[in-house]
Amino acid sequence: MMAANGTTSPDSLHVWDTKDNFLVCKLCSEIYTNPKLLPCLHTFCEDCLERFASVDVDIVECPVCRVNHTIPDLGVAGFEDNGFVASLCKTLSASDTDTRDREVPCSVCGDDESGEVLSVSHCIECGDNLCPDCAFAHPRTKFTRGHHVVSLSELLFVKNKGKLDERRKEIDQNFDAEAPKYRAASERSLSKVKGFLETASKKIPSYETSIRKLTESETHKARQRTEVSEQIAETTRRYISAVEEQKRFLLSELETIYEREKLDIDAEKDSLKVDLLRLRSTCDFTEKLLRYGSDLEVIQYQNRLIENLEEVGKLEPRDDIIEGLVGSELLFVTEDADVQYVLQKMGQLETRLKDDTTSLSEPDANSADELDDVDRPILRKDDVDVMRLDSLTKSTDDENDQAERRESMTHAKTTKRLVLDFGNDGEGEGQFLAPEGVLFTSDGDILVLDSIQKSMQVFGQEGEFKSRVKLPVFPRDVVWTREGNLAMTGNMHGQGCVVIMDPEGRELRRFDADGKLEFVHGIAVDSHERFILTDVRKHRVTIHSPEGALVHQFGKYGNDAYSFNKPHYVTVNSRDELIVCDRGNHYVKVYDYQGKFLRKFGGCGNDANNFIYPYGACVLASGDSMDDIVVCDSGHNMVKIFHSDGNFHRYVLTQDDGLMCPKTLALREEHNQLVLTERDRCYVKVYKLED
């Protein structure tokens with residue numbers, strides 16, 4: 001249909017829909033000349049395809065769908081002629097030769113200084129013929145924005161689209177007249193082709209939707225990249241600022257400690273110099289009097305000489321003070337693992353599903369005084385927790401060790417042991433801020449302590465919330481006593497204590513060893529109902545009677561057999577041996593009933609028998625594995641089992657099982673279950689102990 005002004009009506013034009021523009025070559029954007037049909041059903045001018053194909057290669061890639069086709073022996077000319085398209089193009093050319101051959105000037109530019117400017121395009125709405133520059137600007141200007149601009153070749157197709165319909169009717173009429181017996185076969189072929197076409201066409205919307213989603217995702221990810229890049233830069237600035245601040249603090253502390261010790265040394269030196277001066281003057285005066293004085297003069301000064309000599313004879317250097325000043329060393333204590341931890345704690349990149357709302361918990365500032373040093377978000381060496389370090393810490397494994405480790409880990413990697421998980425960051429029912437101690441009940445319920453919320457929550461076997469009990473202290477660890485009560489370590493106002501509660505959480509009694517407990521953390525009960533505690537600030541293990549009286553204690557800060565660096569958890573085996581997780585030294589140490597050192601195993605590293613920050617531990621109580629030790633290797637995101645002699649046995653869980661920084665654990669061996677806490681992610685997880 002033509003408009004009144006001689007232009008083509010926009011309502012009759014759909015050339016901007018590429019489906020209708022099938023007579024224009026995708027390579028030259030002109031009406032096909034000698035069209036060739038590739039096996040993928042895409043058509044191109046023979047000359048265009050000849051130029052597109054590589055000279056030295058016998059394969060040509062379709063410019064549209066990128067499918068490779070073998071070039072025939074005759075070259076590009078050997079591809080099948082597209083007689084259908086050629087016939088259509090011939091119909092168009094015959095019907096409007098004038099439009100194809102006539103050079104049309106640009107309706108906007110007209111003539112410029114260099115002469116007449118020829119058009120290459122046509123605006124459907126305006127009817128203007130446009131040169132390349134005007135064709136680019138026309139749909140972008142204020143008054144013609146959105147107009148449809150087509151090439152003159154496309155215009156030719158649209159203007160004469162009716163001729164193509166007439167051609168089809170003419171061919172069908174001739175076919176009916178000359179070969180009526182083929183009509184039935186033709187209709188069957190048409191029906192069959194249309195059926196396949198309908199099936200294939202239905203797939204197009206899903207592909208278009210998928211492409212749209214990917215395009216939107218690409219834009220979204222580009223925006224995310226910018227946002228994450230800014231977050232990384234900001235986090236880096238904050239860490240640098242914090243490290244610089246810590247540097248200033250440490251240097252200031254260094255000066256303070258140095259000045260204090262220097263004052264102590266100077267004061268002791270001054271005291272010694274005064275005593276030395278008095279000694280020398282008294283002795284010197286006495287020697288000179290005896291040498292040069294007369295007997296009468298000696299008798300005259302005798303009483304005073306004896307009195308002074310007796311006094312200075314009693315003078316002694318204060319060896320205990322001097323040894324304390326001389327024997328102390330000013331050191332800067334740090335570890336490579338701590339540096340790697342800070343790098344990891346700075347953040348990591350993760351790709352998560354959009355509904356994954358996993359987050360990290362933040363401690364309550366109001367309870368900071370009751371938090372373990374490792375719970376505080378400070379960058380000082382002794383105040384940090386641990387995340388995964390394998391990717392940052394260099395392994396010393398040789399190839400054989402690595403192969404053995406991979407073989408040992410195969411079991412954990414290829415099994416799905418997770419039974420259930422529950423919890424998230426929050427203060428509501430079923431939520432946690434800092435899940436610490438965990439325990440199974442005889443009924444299979446799970447008790448979870450929250451060291452920030454001062455609470456104990458009870459969950460059913462399916463992870464459903466049952467109840468919550470508010471606690472009088474900031475709790476850390478909990479065990480069952482032989483009487484069936486709960487014994488829980490806790491802290492309040494800088495003092496530690498043990499609270500004994502009935503199974504419903506009602507307090508029965510408590511003890512604090514006359515104030516000798518400072519920051520108790522781990523707890524275990526042996527066969528004699530003695531309580532074994534760890535104190536992370538005093539770096540000490542204490543043993544108490546069933547009534548709570550202090551029986552024995554050992555430990556100090558250090559890394560020898562009887563020294564610790566923040567021992568967090570303790571357990572006992574069937575022989576009442578004390579198994580202590582020496583977190584800061586990356587060892588598990590074993591002592592006998594009386595606290596005598598027996599052995600240790602672990603050490604910082606990436607071998608199977610190494611740890612990076614061992615936290616919770618418990619022992620297997622039955623079968624051939626009795627007294628084997630199960631340990632949370634928090635820094636490696638693993639749970640491992642060691643034989644009672646300290647030799648590595650096997651991996652139970654790894655990061656491939658979804659584990660991140662496990663802290664505490666408990667066993668329910670008769671049901672093949674292990675429960676553990678992931679404090680940083682505010683999760684509690686139950687796994688199968690064995691497949």
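Owing to the predicted nature of the structure, the values given are computational and were not obtained by experimental measurement. Each residue is numbered by its place in its chain's sequence as written, counting from 1. Given that the model is predicted, a residue must reach a pLDDT of at least 70 before its local features are reported, and side-chain atom pairs must reach 80 or more before they are shown or counted; all residues, however, enter totals for whole chains, interfaces and linings. Note that water and hydrogens are dropped before the side-chain values are worked out from all heavy atoms of the structure.

1. Structural notes on the overall build of the protein
Thought 1: Each helix and strand counted, the protein has 12 helices and 34 strands in total.
Thought 2: Looking at the protein residue by residue over its 691 residues, the buried ones come to 41%.
Thought 3: The contacts in the protein between residues at least 6 apart in sequence include a share of 49% that link residues at least 24 apart.
Thought 4: Accessible surface is estimated by sampling points in the Shrake-Rupley manner with a 1.4 Å probe; for residues, cover comes only from the protein chains shown. Accessible surface computed for the protein: about 39,000 Å², of which carbon and sulfur atoms make up 51%. Only DSSP runs of H or I with at least four residues qualify as helices, and only runs of E with at least two residues qualify as strands; both kinds are numbered from the N terminus onward. Each residue is placed in one exposure class: buried if its accessible area under a 1.4 Å probe, protein chains only, is under 20% of its type's maximum, exposed if it is over 50%, and partly exposed if it falls in between. Should any heavy atoms of two residues lie within 4.5 Å, those residues are counted as being in contact.

2. Observations regarding the sheet that holds strand E27 (residues 597-602)
Thought 1: The sheet built from 4 strands is open, its strands ordered E24-E25-E26-E27 with antiparallel pairing. In this open sheet, the two edge strands, each paired with only one partner strand, are strand E24 (567-572) and E27. Taking the axes of each pair of neighbouring strands and ignoring which way they run, one obtains an average angle of 20° across the sheet.
Thought 2: Pairing between two strands requires that DSSP report at least two bridges joining them. Summarising the sheet, strand E25 (residues 578-582) and strand E26 (residues 587-591) pair through 5 bridges and their orientation is antiparallel. By the bridge assignment, Asp-582 is partnered in E26 with Tyr-587. In this analysis an axis means a line fitted to C-alpha atoms, helices contributing only their contacting stretch, and an angle means the value between N-to-C directions, from 0 to 180 degrees.

3. Regarding the sheet that holds strand E29 (residues 629-633)
Thought 1: Ordered in space as E28-E29-E30-E31, the 4 strands form an open sheet in which the pairing is antiparallel. The open sheet terminates on both sides in strands that have one partner only, identified here as strand E28 (614-619) and strand E31 (648-653). Ignoring which end each strand starts from, the neighbouring axes of this sheet average 25° apart.
Thought 2: As judged from the 5 bridges shared by E29 and strand E30 (residues 638-642), these two strands associate in the antiparallel manner. Bridge pairing in E30 places Val-631 opposite Lys-640.

4. With respect to a nonpolar patch on the surface
Thought 1: The patch calculation keeps residues exceeding 30% relative accessible area without a salt bridge and links them within 9 Å when they carry like charges or within 5 Å when they are nonpolar (Val, Leu, Ile, Met, Phe, Trp, Tyr). The salt bridge definition used is simple: a Lys or Arg side-chain nitrogen within 4 Å of an Asp or Glu carboxyl oxygen. A contiguous nonpolar surface patch, about 360 Å² in accessible area, is contributed by Leu-251, Leu-254, Tyr-258 and Leu-330.
Thought 2: With respect to the element layout, Leu-330 can be found in the loop between helix H10 (319-327) and helix H11 (336-345).
Thought 3: A relative accessible area of 43% places Leu-330 in the partly exposed class.

5. Here we look at the pairing of strand E15 (residues 465-470)
Thought 1: Relative to E15, strand E14 (residues 455-459) runs antiparallel, the two being bridged by 5 bridges. By the bridge assignment for E15, Met-456 is matched with Val-469.

6. Quick word on the confidence of the model for the protein
Thought 1: Within the protein, residue pLDDT values average 81, and 78% of them lie at 70 or more.
Thought 2: A residue's pLDDT is simply how confident the predictor is in it, with values from 0 to 100. Highest mean pLDDT in the protein belongs to E26 (97); lowest belongs to helix H12 (residues 399-413) (44).
Thought 3: Here residues 1-20 is modelled with pLDDT under 50, and outside its nearest four sequence neighbours on either side it reaches 31 contacts, counting other chains as well.
Thought 4: Between residues 356-399, whose pLDDT stays under 50, and residues either more than four places distant or in other chains, the model counts 132 contacts.

7. Remarks on the packing of helix H8 (residues 203-292) against H10
Thought 1: Two numbers describe how H8 lies on H10: the axes approach to 11 Å, and their chain directions differ by 140°. Taken together, the axes of H8 and H10 lie oblique to each other. As H8 runs across H10, the sense of the crossing is left-handed. Judged by residue contacts, Asp-264, Ile-265, Glu-268 and Leu-272 of H8 engage Ile-321, Ile-322 and Leu-325 from H10.
Thought 2: Each residue receives one of three labels: charged for Asp, Glu, Lys and Arg, nonpolar for Ala, Val, Leu, Ile, Met, Phe, Trp, Tyr, Cys and Pro, and polar for the others, Gly being one of them. Classifying every residue of the contact of H8 with H10 by side-chain character gives 5 nonpolar, no polar and 2 charged. Every angle not falling under 35 degrees, over 145, or within 65 to 115 is termed oblique; those three ranges are roughly parallel, roughly antiparallel and roughly perpendicular. Crossing handedness is defined as follows: a turn of the near helix away from the far one that is anticlockwise and smaller than a right angle gives a left-handed crossing, while the clockwise case is right-handed.

8. Overview of the packing of aromatic side chains
Thought 1: The rule is short: rings of Phe, Tyr and Trp, with Trp giving its six-membered ring, pair when the centres are within 6.5 Å, and they are stacked under 30 degrees, edge-to-face over 60, tilted in between. All chains considered together, the criterion is met by 17 aromatic pairs.
Thought 2: On the basis of an interplanar angle of 75° and a centroid distance of 6.0 Å, the ring pair of Phe-459 and Phe-465 is categorised as edge-to-face.
Thought 3: By relative accessible area, which is 27% here, Phe-465 ends up partly exposed.
Thought 4: Note on Tyr-562 and Phe-597: the rings are 6.3 Å apart at their centroids and 65° apart in plane angle, and the pair reads as edge-to-face. Within this pair, whereas Tyr-562 is found in the loop between strand E23 (550-554) and E24, its partner Phe-597 is found in strand E27, the two being separated by 35 residues in sequence.
Thought 5: Judged by its relative accessible area of 38%, Tyr-562 falls in the partly exposed class.
Thought 6: Of the residues examined, Phe-597 reaches a relative accessible area of 23% and is grouped as partly exposed.
Thought 7: Ring pairing ties together the aromatic residues Phe-554, Tyr-562, Phe-564, Tyr-591 and Phe-597, which thus form one cluster.
Thought 8: Definition used: whenever NZ (Lys) or CZ (Arg) falls within 6 Å of the ring centre and also within 35 degrees of the ring normal, the charge is taken to sit over that ring. The ring of Phe-136 is capped by Arg-140, whose NZ or CZ atom sits 4.0 Å from the centre of that ring.
Thought 9: It is Arg-530 that lies over the ring of Tyr-593; its NZ or CZ is 3.6 Å from the centre.

9. Overview of the environment of Arg-583
Thought 1: If you trace the backbone, Arg-583 turns up in the loop between E25 and E26.
Thought 2: Look at Arg-583 and you get buried, because its relative accessible area is 4%.
Thought 3: Pairs of N or O atoms are called polar contacts if they sit within 3.5 Å, as long as, within protein, a hydrogen donor faces a hydrogen acceptor (for residues adjacent in sequence, only side-chain-to-side-chain pairs). In this structure the side chain of Arg-583 is engaged in a polar contact, spanning 2.8 Å, whose partner is the side chain of Tyr-615.

10. Details of the packing of H8 against helix H9 (residues 295-313)
Thought 1: Following both chains from N to C, one finds H8 and H9 inclined at 155°, their axes separated by 10 Å at the closest point. By the angle between their directions, the pair H8 and H9 is classed as roughly antiparallel. Considering how the two elements wind past one another, H8 and H9 form a crossing that is left-handed. Where H8 approaches H9, its residues Arg-278, Leu-279, Thr-282, Phe-285, Thr-286, Leu-289 and Leu-290 are matched on the opposing element by Glu-297, Val-298, Tyr-301, Leu-305, Asn-308, Leu-309, Glu-311 and Val-312.
Thought 2: Considered class by class, the residues forming the contact of H8 with H9 number 9 nonpolar, 3 polar and 3 charged.

11. Digging into a negative patch on the surface
Thought 1: On the surface, Glu-316, Asp-319, Asp-320 and Glu-323 cluster together into a patch of negative charge.
Thought 2: Within the secondary structure layout, Asp-319 lies in helix H10. Only four residue types enter the tally: Lys and Arg on the positive side, Asp and Glu on the negative side; His and the chain ends are excluded. Throughout, a charge is located at the NZ atom of Lys, the CZ atom of Arg, the CG atom of Asp or the CD atom of Glu.

12. Here's the deal with the environment of Cys-65
Thought 1: You can see Cys-65 is positioned in the loop between strand E3 (59-61) and strand E4 (68-70).
Thought 2: For the pair Cys-65 and Leu-41, spaced 24 residues apart in sequence, the C-alpha separation works out to 10.0 Å.
Thought 3: Here Cys-65 is in contact with Cys-40 and His-42, once residues within four sequence places are set aside.

13. Quick look at the pattern of salt bridges
Thought 1: In this structure the tally under the stated criterion is 26 salt bridges.
Thought 2: Notably, a salt bridge pairs Lys-262 with Asp-266, separated by 3.1 Å at the nearest N-O pair. Here Lys-262 pairs with Asp-266, and both are found in helix H8, just 4 residues apart, close to one helical turn.
Thought 3: Lys-262 sits in the partly exposed class, given a relative accessible area of 35%.
Thought 4: The class for Asp-266 is partly exposed, based on a relative accessible area of 27%.
Thought 5: In this structure, Asp-502 engages Arg-506 in a salt bridge whose closest nitrogen and oxygen atoms are separated by 2.9 Å.
Thought 6: According to the relative accessible area criterion, Asp-502 is buried, its value standing at 10%.
Thought 7: The network of salt bridges with shared partners includes Arg-575, Glu-577, Arg-599 and Asp-627.

14. Description of the pairing of E14
Thought 1: Most of E14 is tucked away: 5 of the 5 residues are buried.
Thought 2: Neither face of E14 is exposed, since Ser-455, Gln-457 and Phe-459 on one face and Met-456 and Val-458 on the opposite face are all buried.
Thought 3: Summarising the sheet, strand E13 (residues 446-450) and E14 pair through 5 bridges and their orientation is antiparallel. Counted as the bridge partner of Asp-450 is Ser-455 from E14.
Thought 4: Linking E14 to E15, which pair antiparallel, is a turn of 5 residues; within it Gly-463 sits at a positive phi near 85°.

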